[in-house]
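# Per-entry structural report
One letter stands for each residue in the lines below.
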Amino acid sequence: MIAELGLALLWIAAALACLSLIAGIVYLRGGSKDLAALVRPASVAQGVLTTAAFGLLIALFVRSDMSVELVARNSNSLKPMIFKIAGTWGNHEGSMLLWLMILSLSGGLIAIFERRLREDTLVATLAAQAALSIGFFAFLLFSSNPFKRLPVAPPDGQGLNPLLQDIGLAFHPPTLYVGYVGLSVAFSFAVGALITREIGPAFARAMRPWVLGSWIFLTLGITAGSYWAYYELGWGGWWFWDPVENVSLVPWLAGAALLHSVAVTATRNALRAWTVMLAVIGFSMSMVGTFIVRSGLLTSVHSFAVDPERGTFLLVLMAVYIGGALTLFALRAGTVAEGKKFALLSREGSLVINNLLLTTILALVLLGTLYPIVAEAMGEKISVGPPYYNKVAGPLALILCLVMVAGPLLAWRKDDGKKLWSRLPLAVFAGAVVLFGLVLFGGKVGILPLLGMTVAGVVAVASLAPLWGRNLRRTPLPTWGMVTAHFGVAVCLAGMGAESAFIKERLVAAAPGDVVKVGDFAVRFAGVRPVAGPNYTAIEGTLVATTPGGSSFTMRPESRMFPGLLGTSPTETNEAALLTRPGGQLYAVLGQPVTSDDGRAERYQLRLWSEAAGVVDMARRRADRARRGAVDARACAIARNLARAARAQGGGTFRAMKNRWVLFVPLAIMGLLFGAFIYRLTTPAETLIQSQWINKPMPLFDLPPATAGVEGLKSSQLADGKPRLVNVFASWCVPCRAEAPQLEALKNAGVPIDGIAIRDRPEDVAMFLREYGNPFDRIGSDMQSSVQIALGSSGVPETFLIDGKGIIREQIQGVILAEQVPEIVAKLEAMK
Amino acid sequence: MSLRLAALVMFGVVSAPLAAQDRLPPAPYAYQQLNDPAKEAQAKALMDTLRCLVCQGQSIADSDAPLAGDMRHEVRSKIAAGENPDAIRKWLVARYGNWVSYDPPFDAATALLWLGPLAFLALGGWLAFGRFRRDDDESEDAA
């Protein structure tokens, strides 16, 4: 019954969204005022009903109702309760319902609390919010119904992805979603204001708390995600510039830019069209992010499921919403005056530079993420990774931080350069101290970390400057919020710089009793023991870490094994152990057992990181705390901020923008973006990497025989005047077995074939040849894939066509098919 | 190790179905660092920027695919033999194309990638500076 009720509530909520939209449109086109009166209650009811539906879905998960497909696929009755609940949004359908719930709830909250806007602007805003939710209702009800029943209920469910069974990650998606979807409110406000042309301080003030709130949630969500990656994945890193990470960063950047520009609009009634555009861009980027994650569009460690049908649906939705809003912007913003002017050296001026840099970083992150798709369309395969972002975004971010130093110290409208300098000496001094300290005592530090930590010193001191000489009790909360957030940036920057400059890594295969030195810690590996958890078994390692001070601490990293349920394959996860001391942090991961050659001593692979400088970890923790502080302070600050901003507005005549073509630029950029998406959806990514070592001589090698009774293979033997095949294979490779008959056929057609066995043992090769036949003249054993790498080969089986001079003419990736056999014979014949 | 592989299979990233695993121990330098910390640092920095051919969302430093282990062995061996990291990157790019390097070169195909942000900044700056008030123009933007 619960599932049916949930579905019914969703349909009713969808109908209410349609009602809000239609009533809103008719009213705005001159219809009766009674219609406008309908919109508020309808929005509230929609929010309540969608929330109730989500509550019912949670109830289904809590009760482990396996007759519901979603529960059966994503939950298990043995799971701890907290992960049963988290399972609700740990999957596609549930997370889309969560998205929709936040969307509807936001609409309801605007309807209840927003009293500052003109009635028609409010109705337009709510109608825009309803229009957004209708699309996602359609998506949910027609292609991702979370309440679908199974004809026969299985005895138990398949469980939740074990990697996601972590308390940090359980709340990472909802936090991020609140942030993403919170930006939808800014989007709707912008659309509403464009429709009724009420773009001014009132609109900015209505929007501001939503932008602040969602930006805080995005910050928390991203921080939680990085921390999860840090300790659960066992990779020791926290940010990889992976596509999915990038698309979560893009809305954050848009939110940060919007937060600053909306302050200018609310306080000084300037930058109006720009604020509207950023509001549209912010939520557009949220949708793009969701689309990229949900459609599996980009190669990433995070892409969950590739589903082209759902991807297409989302793409159409996005095209309608983003395209519609940006077209409206292009047509209307020309009549919106930019507002009051100001000097370059002023608070507004610094905020403009802030926005310029933030949007440039946003653009380059987006460009770097999507450029490989564009390049592939032009026939080039490239990868864009950390080196690109560090080189391009790094300097911009540092300049941004320097602007952040000056901005809060400047007066609105116009300020004096000399005055600014007089406020800075202490900050510059702090930076100089950090710089000299690092140069003198830091050892070899890279240029970017060095600059990062120096700027962090400057920012840390300067961020506190707005508090100097003030009565701290009377300092308004917004100032506290700004100071805390800016100080948090400094701490974060210091942490990032120190992390990349001072981290020490040790990889060892340790036997019980071994002592490993890493950084300032001495770590003794005491041994391992099996442990059992509620729904997993684990090997727990015991490490005793001794600090330079002589105190010892026990660390217990685990390697967990979750059994495969109902036919799914078992999964292993790593739980890193973290030891945080004033002298730094020690990070330990227990890896695979390593059997030594004599098979006696049982050793385990250990991965240890120590962050030598004590400042790092403290810095990072302080950054977290500072950010959280900023949340509290800033959330409280909203009300007072609004009151203050209300005083600071003036009328005046405004100039309309002259360069109208500029207004179409965002629309054009989005068009290009969609082009890339459509290309990718219609042309799936080619994941096979072809060798570039074609029409080049065979690399030099001399491989020993892969097994007794066959000859080894030397590269010099391949230039004997006879064109031939070199087949790269392995006994452990299943497709290679399927290829055996074709190789046999080629051999019978008189083609000479040599083999290279990859990572193989002689006895396994012998067994493989016995079972599947031996078409090879010679087989070289490539134990460490070195010849494979020298050939540019990326998998097994692969076959290379070599001409009589030993030149590689062609690479065939994967299994040779029966119909390719005559073709290959002909090609080799032609090379003679 | 197999955690990452398992995770990647689960996340649908592993391109070729790895139906079976080889039974050889990893190559010596796959999970073993070079003794010289300076050389190890060079190797690590290079490995962080080379893309794994199997787990295509990861660098070879992070990936636990056997081929990534063998590539780490290759990189560490070459560094130990005194080769320069740029030469090793070129050597790999000659075999696998620019795809294998996370550090795209500057050429015709990537000009837009490298210059795009600068162009964006320039255009944005040009538009923004038009907005600034010059001199002591106290008027409320009347023009």
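These figures come from a predicted structure and were not determined experimentally.

### Here's the deal with the overall build of chain A
In terms of helices and strands, chain A carries 24 helices and 18 strands. Taken over 832 residues, chain A has a buried fraction of 53%. Looking at chain A alone, contacts between residues at least 24 apart form 77% of all its contacts between residues at least 6 apart.

### Points about the overall build of chain B
A tally of regular secondary structure across chain B gives five helices and zero strands. When the helices and strands of chain B are read in sequence order from the N terminus, they spell out α-α-α-α-α. The 143 residues of chain B split such that 41% are buried. The long-range share in chain B, meaning contacts at least 24 apart out of those at least 6 apart in sequence, stands at 56%.

### Overview of helix 14 (residues 386–406) of chain A
Taking 1.5 Å of rise per residue, 21 residues should cover 30 Å, and helix 14 of chain A covers 29 Å from first to last C-alpha, within 8% of that figure. The sharpest bend along helix 14 of chain A measures roughly 35° and falls at A393 of chain A, with the proline P395 of chain A sitting one to four residues further on. Within the span of helix 14 of chain A, buried status applies to Y388, Y389, V392, A393, A397, L400, C401, M404, V405 and A406 of chain A. For helix 14 of chain A, the elements touching its buried residues are helix 13 (347–377), helix 15 (417–422), helix 16 (425–441), helix 17 (447–464) and helix 18 (477–502) of chain A together with helix 5 (111–129) of chain B.

### Focus: the nonpolar core
Residue and element names in this part refer to chain A. Residues A186, V276, V280 and V459 are the most contacted members of the largest nonpolar core, which totals 274 residues. Sorting elements by how many residues they give to this core places helix 9 (residues 201–232) first, with 17 residues. If we skip the residues at most four places from it in the chain, A186 touches M207, W210, V211, L258, A279, G282 and F283.

### Comments concerning the domain arrangement of chain A
One can read the domain layout of chain A as domain 1 (1–160), domain 2 (504–612) and domain 3 (696–830). If you average the C-alpha positions of domain 1 of chain A and of domain 2 of chain A, the two centres end up 44 Å apart.

### Section: the packing of helix 5 (residues 92–113) of chain A against helix 8 (residues 172–196) of chain A
Residues and elements named next belong to chain A. Where helix 5 contacts helix 8, the axes come no closer than 9 Å and their chain directions differ by 45°. Between helix 5 and helix 8, the interaxial angle falls into the category oblique. Pair helix 5 / helix 8 crosses with right-handed handedness. On helix 8, the residues touching S95, L98, W99, I102, L103, S106 and I110 of helix 5 are P173, P174, Y177, V178, V181, G182, S184 and V185. Across the contact of helix 5 with helix 8, the residue classes tally to eleven nonpolar, four polar and no charged.

### A look at the sheet that holds strand 15 (residues 753–758) of chain A
Reading across from one edge, 11-18-17-14-15-16 (chain A) is the order of the six strands in this open sheet, with mixed pairing throughout. Where the open sheet ends on each side, the last strands, each with one partner, are strand 11 (696–697) and strand 16 (779–782) of chain A.

### Let's talk about the pairing of strand 5 (residues 552–555) of chain A
One face of the sheet, then the other: side chains in a regular strand alternate in exactly this way. All names here are of chain A. In terms of strand pairing, strand 4 (residues 537–546) meets strand 5 through four bridges, oriented antiparallel. Looking at the pairing, L543 lines up with M555 of strand 5. Hairpin connection from strand 4 to strand 5: five residues lie between these consecutive antiparallel strands, with G550 at a positive phi of about 100°.

### Some words on helix 3 (residues 66–80) of chain B
With 15 residues, helix 3 of chain B should reach 21 Å at 1.5 Å per residue; the first-to-last C-alpha distance of 21 Å fits that figure. Most of helix 3 of chain B is tucked away, with twelve of its 15 residues classed as buried. Within the sequence span of helix 3 of chain B, burial applies to P66, L67, A68, G69, D70, M71, R72, H73, E74, V75, R76 and I79 of chain B. Where the residues of helix 3 of chain B are buried, they touch helix 23 (786–791) of chain A together with helix 2 (37–47) and helix 4 (85–96) of chain B. Backbone geometry just downstream of helix 3 of chain B places G82 of chain B in the positive-phi region, at approximately 95°.

### Observations concerning the confidence of the model for chain B
Parts of the prediction with low pLDDT should not have their coordinates interpreted in detail. Residues and elements named next belong to chain B. Looking at chain B, the pLDDT average stands at 79 and 77% of residues meet or exceed 70. Ranking the helices and strands of chain B by mean pLDDT puts helix 4 first, with 96, and helix 1 (residues 2–10) last, with 37. Confidence drops under a pLDDT of 50 for residues 1–20, and excluding neighbours within four residues, the segment shows 47 contacts in the predicted structure. Note on residues 135–143: pLDDT under 50 across the span, and ten contacts to partners over four residues away in sequence or across chains. Scored as a whole, the predicted complex attains pTM 0.85, and scored at its interfaces, ipTM 0.83.

Thresholds applied
- Residues numbered from 1 in each chain as written.
- Chains lettered and ligands numbered in written order.
- Predicted model: local features only at pLDDT ≥ 70, side-chain atom pairs only at ≥ 80, totals over all residues.
- Helix = DSSP H or I, 4+ residues; strand = E, 2+ residues; numbered from the N terminus.
- Buried ≥ 20, exposed ≤ 12 C-beta atoms within 10 Å, placed from the backbone.
- Contact = placed C-beta atoms within 7 Å.
- Expected span 1.5 Å × (residues − 1).
- Bend = angle between axes of the 7 residues up to and from the residue.
- Core = buried A, V, L, I, M, F, W, Y, C linked by C-beta atoms within 7 Å.
- Domains from an automatic or database assignment.
- Axes fitted to C-alpha atoms, helices over the stretch in contact; angles between N-to-C directions.
- Parallel < 35°, antiparallel > 145°, perpendicular 65-115°, else oblique.
- Left-handed = near helix turned anticlockwise from the far one by under 90°.
- Nonpolar A, V, L, I, M, F, W, Y, C, P; charged D, E, K, R; others polar.
- Pairing = 2+ DSSP bridges.
- pLDDT = per-residue confidence, 0-100.

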